[in-house]
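# Architecture and fold: a report
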Amino acid sequence: MFDPGKKEYLKKLRTSIDWSERHMKPFRDKASEFDMNIRGQHWGSGRKTQAQNTIIVPYLFQAVDVLVRNLVPTRPACMITSAHPGLKAMALRFELAVNQVIHEIRLKDSVRRAVWADALGLGMLKGGITPTGTIEYEQMSIPVEGLFYDPVELDDVILDLAASSFNELTYIGNWYRIPLEDARNNPLFSRRQVDKIEKSARLHSHSEYGLERKTRKLIGQDSEDEADFEPYIELGDIHLPGSDMLITIPRIPNEDVGCLAKMTWDGPEYGHGPYHPLGLQPMDGSCFPMPFCATLLEQHLIANQIEHKEARRAERAKTVTAFEGKATQDAKALTNAEDGEVIKVNHFGSIQEITTGGPDQMNQLYAARMRELFNWSAGNIDSTAGLRSQSDTLGQDRLLSQAANARLASFQERTTEWLHGVMKSIAWYVWTDPIRERQIPYKIPGSDITTMVEFSPETRKGSFFEFDIEITPYNMGYSSPSEKMQSAMFLLQNVLMPMRPELQQNGSTLDVDAIVDLFARYQDMPEIREFLQSTMMSPEEAPGGTAVSPVPGTPRSASPGSGAPGPRSSYDDVIQQIGAASRSN
C-alpha cells in the first residue's frame, strides 16, 4: 500500500506523474490550438492560427457553442424520491435543500465550463468543502465551511495516462496556486514542510512540460511573476484510489519536501474522490477521451482558407478601360463624359473595358461544400441550433432536428450520467452538514401560498443511505420553443379542456389571453396578440345595463359554480384554432 510518509514511495509517484505530464503535452498543445481557433485573433494578444490566417467564419466556435447549449440548456436540478412511505415528506425537504445549494454554488456555470473544456480536451469538476470564514458563538470562533464544485483546466489536470479508462486510474488530481501566506496559515498543512518550500529558491512554478498556461499565451502574458503582487506557491492535490487517500504535494520537485497534507478520503463515493472527469467520447485503450474539436479542426481551417482566398480575390478585383493609341482622343472624351452623356467616338472598337480578379465561382462552390461537410461532421448544428430552416414546415423541421439530435444522444447520455454522480455528491454534502440550517421557500401546489421549509440536522430523519433516494438530473434535454408550444397545446386540449366543467365548478377558468400570449412568444409572432381584442360592452353601453357580447349567435357561458358547463363560447373556438395551428406546424 502507498505510504506517503516514505520518500521512496513519494519519489515513485512523482516519477509516474512526470511520465504522464510528458505524454499530456500533445493533448494540451492540441487543446491550445483548438482554443486559438475558437477565440480568434481579436481576443488577447491576437495571435494567428496555425494557418497564419485570421478567422473569418467561426465554424469551430459555433459548433462548440451549440454542443454546450444542447448538453446544458438550463440550470441543472435534481428530483429526490423515497420508496419508504414515511420518508416522502423528508425527501421533498431534501430535494428543496439540494436544489437551493445547486443554485448557490452556480453549478450551471461550472458544468458548462467543464463541458466546453471537454470539447477541447478533458472536462473535470473538483468538489468539496472549503473554509469560508468563522462565526462567534459563546465566545468561541467556529469555522464556517462552504461547498464548491469548480472546473479544472487541462493545464492543471493530473491524470494517470497509463490507465486505459477512468476506472483503472491509480491517481488523479490537479495543480493549483495559492498565496504563500495562505499555505502557512492552513491548519491542514504541515508548517515544517511549508517552511521548506519557502526557503526554496523558486517560489513560483511553471509546468516542466508545458511551461506556460495556454490562457497566458493567448492574452500575451509571458510570465506570471510580474503579475503577482505577493509570493505564490503551486501545489497539487492527488487522490489515490488504491489506498483511498488524498495528499498534497508541491509542484516543484524537492527531495527535502514531503507531503504537506495527507488524509483518508471520507467524502462521497460517487466520483474519483473529489474529482469528476467527464470524457464525452471515450477511447479504447486510453483514459483520455477524443475531443469533440479533433474531428472538426481541419474542415474549419480549410473552409477559412477558402474564405481568405476569396477575400484576397475580392480585394484584387478591378475594372479598367483600355484603348489603342489611335483612340487617345476618344479615351479622353470617354473619361470626361458624365453618366448618361452621349459622346462621339471615331474608333469604337479600340476601347474596351477589362475586369480582373474578383470572387471565383468554383471556390464559392467548394466553400459551400466545406460548410456542408462541417455541418454534417458537427452533428447538423444548423438544425440543432435552429440557425436556419431545413424544410418548408415546422413539423418536418422537428423531424430533422430529432434526427440530428440522435447524433448527440450519446453525449447527452454521458453528460447526464456524469452529472448524476456530481449531484449525488452534492446531496451527500448537504445531508452530512452538521451545522447549516436552511430556510427554503416552498409554494404549496394548487395555491398562491408560499411557506418556508426548514432543513437542518434537527429536522433530518434517518440516514443518507437508509433513504433509498433516487437522484435524477432533469430538464437537461433541449426543447425548442415550438416543441414547448406543442407540449402546452397537448396539455390544454387533452387535459384542461375536457376538465372545463370541473374547473368551472371550482371557480376556475382558462385564461385565453395568456394562451394567445404564450403562442405569440413561443412562435416569435407578437402580432398574433392583435388578433384577440376585447369586444365586451360595458354595462353603461349595453341595453338593460348588462354586459353582453355583440357577436351574433354567441351565447353566454354558465356562471362558475353553477354545475353546468354552458354552451360553447368563442374562446373555445380560439383555443381550438390555436391548437390546430400548432399541430399543423
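It should be emphasised that the depicted structure is a prediction, and the values quoted were computed from it without experimental measurement.

### A short note on the overall build of the protein
- Across its full length, the protein carries 16 helices and 14 strands.
- The buried share of the protein, taken over its 585 residues, is 40%.
- At a minimum sequence separation of 6, the contacts of the protein that also span at least 24 residues come to 70%.
- A total accessible area of about 32,700 Å² is found for the protein, and carbon and sulfur atoms account for 53% of it.

### Notes on the sheet that holds strand 8 (residues 261–264)
- In spatial order, the strands read 4-5-6-7-8; together these 5 strands make up an open sheet with antiparallel pairing. In this open sheet, the two strands that pair with only one neighbour each are strand 4 (157–159) and strand 8. Recorded for the sheet is a direction-independent mean angle of 20° between the axes of neighbouring strands.
- As defined by bridge partners, strand 7 (residues 245–250) adjoins strand 8 across 4 bridges and the pair is classed as antiparallel.

### Things to note about the packing of helix 1 (residues 7–39) against helix 2 (residues 59–71)
- Axis separation between helix 1 and helix 2 bottoms out at 7 Å; the angle between their running directions is 100°. By the angle between their directions, the pair helix 1 and helix 2 is classed as roughly perpendicular. Here Phe-34, Asn-37 and Ile-38 of helix 1 lie close against helix 2, whose contacting residues are Leu-60, Phe-61 and Val-64.
- The class makeup of the residues in the contact of helix 1 with helix 2 is 5 nonpolar, 1 polar and no charged.

### Section: the nonpolar core
- Grouped together as the largest cluster of nonpolar side chains are 76 residues, with contacts concentrated most on Phe-94, Val-98, Leu-107, Leu-159, Phe-292, Trp-418 and Ile-426.
- Broken down by element, the residue count for this core peaks at 12 residues, all from helix 12 (residues 394–432).
- Those residues in contact with Phe-292 that sit more than four places away from it in its chain are Ala-63, Val-64, Leu-67, Asp-118, Ala-119, Ala-378 and Phe-411.
- Counting 13 residues, the second largest nonpolar core, distinct from the first, contains Met-485, Met-497, Leu-510 and Val-516.

### Considering the pattern of salt bridges
- Under the counting rule described, the total for this entry stands at 14 salt bridges.
- For Lys-25, the salt bridge goes to Asp-29, with nearest N and O atoms at 2.9 Å. Of this pair, Lys-25 and Asp-29 both sit in helix 1, separated by 4 residues, roughly a single helical turn.
- What makes Lys-25 partly exposed here is its relative accessible area of 35%.
- Close ionic contact of Arg-39 with Asp-35 constitutes a salt bridge, the shortest N to O distance being 2.7 Å. Residue Arg-39 and its partner Asp-35 are both found in helix 1; the two are separated by 4 residues, about one turn of the helix.
- You can call Asp-35 buried: its relative accessible area is 3%.

### Digging into the packing of aromatic side chains
- The full count for this structure, using the stated rule, is 8 aromatic pairs.
- A ring pair is formed by Phe-94 and Trp-431, whose centres lie 5.0 Å apart and whose planes are at 50°; its orientation type is tilted. Of this pair, Phe-94 sits in helix 3 (residues 88–104) while Trp-431 is found in helix 12, placing the two residues 337 residues apart along the sequence. Of the two residues, Phe-94 and Trp-431, both sit in the buried class.
- With 5.7 Å between their ring centres and 0° between their planes, Phe-94 and Phe-455 make a pair best called stacked. Remark: Phe-455 occurs in strand 13 (residues 450–455) and Phe-94 occurs in helix 3; sequence separation between them is 361 residues.

### Some details on unusual backbone geometry
- Look at Arg-106: it is not a glycine, yet its phi comes out positive at around 55°.
- Looking at the secondary structure, you find Arg-106 in the loop between helix 3 and helix 4 (107–120).
- Not every positive phi belongs to a glycine, and Asp-244 is a case in point at roughly 55°.
- For Asp-244, a relative accessible area of 23% corresponds to the partly exposed category.

About the cut-offs
Just so you know, the residues in each chain are numbered from 1, in the order the chain's sequence is written. Whole-chain, interface and lining totals are the exception, using all residues; otherwise, since this is a predicted model, local features are given only for residues with pLDDT of at least 70 and side-chain atom pairs are given and counted only at 80 or more. Side-chain calculation: all heavy atoms of the structure are included, whereas hydrogens and water are not. Elements are defined by DSSP. Helices are runs of H or I of four residues or more, strands are runs of E of two residues or more, and each kind is numbered from the N terminus. Here's how the labels work: a residue is buried when its accessible area is under 20% of the maximum for its type, exposed when over 50%, partly exposed in between, all with a 1.4 Å probe on protein chains only. The contact definition used throughout considers only heavy atoms, calling two residues in contact when any of these lie within 4.5 Å. Here the open area of atoms and residues is found with the Shrake-Rupley method and a 1.4 Å probe, where only the protein chains shown may cover a residue. Pairing between strands is defined by DSSP: at least two bridges between them are needed. Think of each axis as a best-fit line through the C-alpha atoms, taken over the contacting stretch in the case of a helix, with angles from 0 to 180 degrees between the N-to-C directions. By the definition adopted for this analysis, an angle is roughly parallel if under 35 degrees, roughly antiparallel if over 145, roughly perpendicular if from 65 to 115, and oblique otherwise. For this classification, Asp, Glu, Lys and Arg are treated as charged, while Ala, Val, Leu, Ile, Met, Phe, Trp, Tyr, Cys and Pro are nonpolar and the rest, including Gly, are polar. Each nonpolar core is a collection of buried residues, namely Ala, Val, Leu, Ile, Met, Phe, Trp, Tyr and Cys, held together in the definition by side-chain atoms within 4.5 Å. The salt bridge criterion pairs a side-chain nitrogen of Lys or Arg with a carboxyl oxygen of Asp or Glu, the two atoms within 4 Å. Stacked, edge-to-face and tilted labels apply to pairs of Phe, Tyr and Trp rings (six-membered ring for Trp) whose centres lie within 6.5 Å, assigned for plane angles under 30 degrees, over 60, and everything in between, in that order.

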